[in-house]
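# Examining the three-dimensional arrangement
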Amino acid sequence: MAEPNNQSPNGVRTVVVPAAGMGTRFLPATKTVPKELLPVVDTPGIELIAEEASRLGATRLAIITAPNKDGILQHFAEFPDLVETLSQRGKDEQVAKVRKAAELISPVAVVQDKPLGLGHAVGLAEEALDDDETAFAVMLPDDLVMPTGVMEKMAEVRAELGGSVLCAFDVPREEVFNYGVFDVEEIDTQASDLPAGLVKRVTGMVEKPEPEDAPSTFVAVGRYLLDRAIFDALDRIEPGKGGEIQLTDAIELLIREGHPVHIVVHEGIRHDLGNPGGYIPANVDFGLHHPKYGKSLYRSIKKIMDEYESENGL
């Protein structure tokens, strides 16, 4: 356990990143390269998560990893030989890129021996927290939530309303079957600095309902700010299908017992790095906004699209 550090401006020292999956949807690439190290343009997804955690003010990245999957932690090493070689060749920009991950945050490995669900992974992270940490963040590495900054808003909500705070997106009703969906009620924010209409109290959650059965169109994405009470709830819920322990079930238990849970509705976009269908658009989006590659990439994509439309009569 790390020494206590009370300097985080948002009161969050530890960000938990579940990364024990096998990355089967990216085979054969993930036979040797962890999915979390696949680059978005030139930066691995895990480093983008580390950047977001660092901006939040966290100092520790608790990476839930599988046995023999230590490449993710290695990404945060110093690489002195590589730095020295690049420095001798005057490649200062590349030196900065190599050093960046190690300078962002301190990584800690927490091994999950068997894939027993997101709740099980989060529960293992308790050993990485300091005894006086009352809350911690969870960031799913498959989810890039843009623009960044939603975790800071969630920390503000917790500071005012307490409990746990989750990130939500408002999606078309026909898409809710892909997500966990929140049952919510409005709260009065007139007497506070909280954004009107974007903070709601959660009264329940439904996992992947049919559109006609969904209690709302507000769905969970991969950003959580959880009160430490979640660990006790995880200990008390029953495993579900396949023996997995679901984080959603533990949050539901807290809600039933009167624990305050709120959502912040994020007005932005989400890229799903967990499958090629989401990973490719993320690279296009990041590439188009890249100061070095953006303009030439735009021309290339436009040419590809013109040829595709011609070939397919579109």
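To start, this report covers the structure provided alongside it. (Residues numbered from 1 in each chain as written. Predicted model: local features only at pLDDT ≥ 70, side-chain atom pairs only at ≥ 80, totals over all residues. Heavy atoms only, no water.)

## Digging into the nonpolar core
Within the largest apolar cluster, 42 residues are counted, with the highest numbers of intra-cluster contacts made by Val15, Leu61, Phe76, Ile105, Met154 and Leu225. Other than its neighbours up to four places away in sequence, isoleucine 105 contacts Ala50, Ala53, Ala58, Thr59, Arg60, Leu61 and Phe76. Of all hydrophobic cores here, the second largest spans 38 residues; its members include Leu140, Phe182, Ala220 and Leu253. (Core = buried A, V, L, I, M, F, W, Y, C linked by side-chain atoms within 4.5 Å. Buried < 20%, exposed > 50% of the residue type's maximum accessible area, 1.4 Å probe, protein only. Contact = heavy atoms within 4.5 Å.)

## Quick notes on the layout of surface pockets
Its boundaries defined by the atoms lining it, the largest pocket holds a volume of some 1400 Å³. Elements with a minimum of two residues in the lining of the largest pocket: helix 5 (118-124), strand 10 (199-207), strand 11 (218-227), helix 8 (247-256) and strand 13 (269-272). Considering each element in turn, the lining of the largest pocket owes the most residues, four residues, to strand 11. When its residues are assigned to classes, the lining of the largest pocket shows 19 nonpolar, 11 polar and 13 charged. The calculated volume of the second largest pocket comes to roughly 620 Å³. Around the second largest pocket sit 29 residues that line it, and Asp42, Thr43, Leu48, Glu51 and Lys100 are the ones nearest its centre. Of all elements in the fold, only strand 3 (43-44), helix 1 (45-56), helix 4 (92-104), strand 7 (143-146) and helix 9 (276-288) reach the threshold of two or more residues within the lining of the second largest pocket. Among the residues making up the lining of the second largest pocket, the classes are represented as 14 nonpolar, five polar and 10 charged. (1 Å grid on protein atoms, 1.4 Å probe; cavity = no way out; pocket = protein on both sides within 12 Å on 5 of 7 lines; lining within 4 Å. Points joined across faces, edges and corners; volume = space filled by probe spheres on them. Helix = DSSP H or I, 4+ residues; strand = E, 2+ residues; numbered from the N terminus. Nonpolar A, V, L, I, M, F, W, Y, C, P; charged D, E, K, R; others polar.)

## Observations concerning the packing of helix 9 against helix 10 (residues 294-311)
Between helix 9 and helix 10, whose axes approach to 8 Å, the crossing angle comes to 130 degrees. As judged from the angle between their axes, helix 9 and helix 10 are oblique. On helix 10, the residues touching Val284, Gly287 and Leu288 of helix 9 are Gly294, Leu297, Tyr298 and Ile301. (Axes fitted to C-alpha atoms, helices over the stretch in contact; angles between N-to-C directions. Parallel < 35°, antiparallel > 145°, perpendicular 65-115°, else oblique.)

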